[in-house]
Amino acid sequence: MSSSSASGVVPFEQACEIVREYCNRISSGQPETISLLQALGRVLAEPIVADRDFPPFPRATRDGYALRAEDVRTVPATLRVAGTVKAGSAHHGAVARGEAVEIMTGAAIPDGGDAVVMVEYTSRDANQVVVQRTCTKGENIVPTGSESRAGQEMLARGSRLGFAQVAVAAAVGKTNVQVYKKPRVAILSTGDEVVDAAQSPGPFQIRNSNSYSLAAQVIAGGGEPETLPVAPDDEAALHRLVQQGLTADMLLLSGGVSMGKFDLVEKVLAASGAEFFFTGALIQPGRPVVFGQAAPAARRSPIPFFGLPGNPISTMVTFDLFARPVLAALSGASPSRLPTVKARLSKEIKTRTGLTRFLPSILQGGLLDAEVAVVPWQGSGDLMASARANCYVVVPPDRDLLPAGEMVSVLLR
Ligand code: AMP
Ligand code: MG
């Protein structure tokens with residue numbers, strides 16, 4: 001990717017495309033083997049392969065009677081009960097013509113049986129059962145190997161381990177799995193007014209909340225945050241801390257990327273030989289966001305960095321839109337789209353055209369009639385509004401009015 005072709009302020013879609021292309025060029029990290037539960041949220045560095053057929057035998061999915069479907073073509077039909085088979089026990093023998101075998105959910109269908117009638121549709125009298133309903137062949141039976149064949153890949157390398165994937169690994173006996181190491185993400189907040197959260201701020205100072213929100217987002221995104229001391233708006237000091245940050249796998253800066261006289265981040269990065277992929281995106285909040293790569297003097301291969309705008313909601317949104325996909329790629333994860341859904345807008349939105357907007361919003365309502373409304377906010381510094389929100393309504397750049405009732409795109413977080 002050349003720095004000239006993509007640098008500058010770009011539309012949202014183009015910024016996403018630049019990030020996507022960058023992610024596709026990232027080679028996967030170092031593998032390590034850890035215990036399965038420790039691996040929750042991590043990315044597989046090995047495929048998970050079926051060690052046997054799934055299911056390993058034709059499995060009953062109901063409590064009832066295994067029988068031959070042709071024996072209950074006309075009902076009621078009376079069959080001789082030839083025995084009982086419960087989950088975990090060996091085959092009872094065969095189901096002969098005119099016979100049924102009492103069977104429990106999870107048990108193996110005895111030879112000769114080709115359907116299971118639910119116990120609810122039968123009545124039992126000593127060793128005879130009267131079946132009230134006809135069955136089709138295969139009813140209430142999962143055939144051997146129908147979910148997966150022995151040797152087949154069940155989870156691909158690059159899959160993230162959520163609870164369902166953990167269950168698959170457990171089912172094949174993988175209580176230790178090979179995953180990629182967590183990328184180390186350096187976090188560098190900038191600004192003369194910003195003091196450590198543990199300090200009491202002077203009358204014109206503010207506590208550093210961005211290093212905390214970013215560290216939390218990094219952890220949630222599968223990375224290992226390394227928070228650096230706050231950088232003052234001073235070139236030499238900022239340069240030193242940037243060099244330190246470039247020894248991680250990714251560097252996130254907050255603040256200092258706007259047009260102000262003391263916004264020094266781009267200048268200092270450029271002096272460190274950075275290549276810029278974009279220096280702004282036509283979005284709100286977060287327009288001044290910067291993406292590029294740079295290498296510290298001692299290291300040959302450059303690492304990705306983001307200069308995120310310092311306004312707290314801008315920092316959070318731009319992380320979600322651009323930095324999280326790069327973090328996922330560094331974690332070895334296969335690419336995935338931004339998590340969006342559609343929901344009915346409950347109150348109209350009036351705005352201006354030209355920018356793709358991500359407005360902090362609350363998604364609520366029923367399962368089948370989700371509604372979304374923008375949270376009243378005082379602009380992109382409003383932490384409380386962000387804490388009340390659980391998503392963002394996405395306003396396309398060509399729209400200045402979204403009427404109430406419209407199905408709108410919602411970015412989840
Ligand atoms: P900047 O992007 O440096 O122009 O900062 C924009 C706004 O975000 C200013 O009001 C800053 O005080 C605020 N800000 C910058 N960095 C942080 C931080 N680390 N934590 C909280 N607010 C910040
Ligand atoms: Mg600043």
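This is a predicted model, so every value here is computed, not measured. (Residues numbered from 1 in each chain as written. Chains lettered and ligands numbered in written order. Predicted model: local features only at pLDDT ≥ 70, side-chain atom pairs only at ≥ 80, totals over all residues. Heavy atoms only, no water.)

## Considering the nonpolar core
For step 1, the next point in the chain: Among the nonpolar cores identified, the biggest contains 39 residues, and L252, F322 and V326 are the most heavily contacted of them.
For step 2, the next point in the chain: Elements supplying a minimum of two residues to this core: α2 (12–24), β14 (184–189), α4 (210–220), β18 (250–254), β19 (275–278), β23 (303–308), α7 (312–330) and β28 (391–395).
For step 3, the next point in the chain: A total of 11 residues in this core trace back to one element, the largest contributor, which is α7.
For step 4, the next point in the chain: The next biggest cluster of nonpolar side chains, apart from the first, holds 22 residues, and it includes L251, V268, A294 and I303. (Core = buried A, V, L, I, M, F, W, Y, C linked by side-chain atoms within 4.5 Å. Buried < 20%, exposed > 50% of the residue type's maximum accessible area, 1.4 Å probe, protein only. Helix = DSSP H or I, 4+ residues; strand = E, 2+ residues; numbered from the N terminus.)

## Description of empty space enclosed by the protein
For step 1, the next point in the chain: Following the criterion strictly, the structure yields 1 cavity of 30 Å³ or more and no others.
For step 2, the next point in the chain: In this structure, the largest cavity spans a volume of roughly 40 Å³.
For step 3, the next point in the chain: Along its surface, the largest cavity is lined by G41, R42, V43, R160, Y180, K181, K182, P183, G222 and S331. (1 Å grid on protein atoms, 1.4 Å probe; cavity = no way out; pocket = protein on both sides within 12 Å on 5 of 7 lines; lining within 4 Å. Points joined across faces, edges and corners; volume = space filled by probe spheres on them.)

## Regarding the sheet that holds strand β5 (residues 64–67)
For step 1, the next point in the chain: Spatial ordering of the open sheet is given by β8-β5-β7-β6-β10-β9, a layout of 6 strands whose pairing is mixed. On the outer flanks of this sheet lie β8 (115–118) and β9 (122–125), each paired with one strand and no other. Each strand axis lies, on average, 35 degrees off the axis of its neighbour in the sheet, ignoring direction.
For step 2, the next point in the chain: Both β5 and strand β7 (residues 99–103) contribute to a ladder of 3 bridges, which runs antiparallel. Paired with A66 across the strands is V101, a residue of β7. (Pairing = 2+ DSSP bridges. Axes fitted to C-alpha atoms, helices over the stretch in contact; angles between N-to-C directions.)

## With respect to the packing of α4 against α7
For step 1, the next point in the chain: Running from amino to carboxyl end, α4 crosses α7 at an angle of 30 degrees, the nearest separation of the two axes being 10 Å. Taken together, α4 and α7 sit at an angle that is classed as roughly parallel. Crossing of α4 against α7: the hand is right-handed. Mapping the contact onto sequence places N210, S213, L214, Q217 and V218 in α4 and P312, T315, M316, F319, D320 and L327 in α7. (Parallel < 35°, antiparallel > 145°, perpendicular 65-115°, else oblique. Left-handed = near helix turned anticlockwise from the far one by under 90°. Contact = heavy atoms within 4.5 Å.)

## Section: α2
For step 1, the next point in the chain: Between its first and last C-alpha atoms α2 spans 19 Å; for 13 residues at 1.5 Å apiece the expected length is 18 Å, and the two agree.
For step 2, the next point in the chain: Three or more residues of α2 are buried, namely F12, A15, C16, I18, V19, Y22 and C23. The buried residues of α2 occupy an angular sector of 160 degrees when the element is viewed end-on, so they sit on one face. Of the exposed residues in α2, those oriented more than 90 degrees away from the buried face are E13 and N24. (Expected span 1.5 Å × (residues − 1). Arc of directions from axis to C-beta.)

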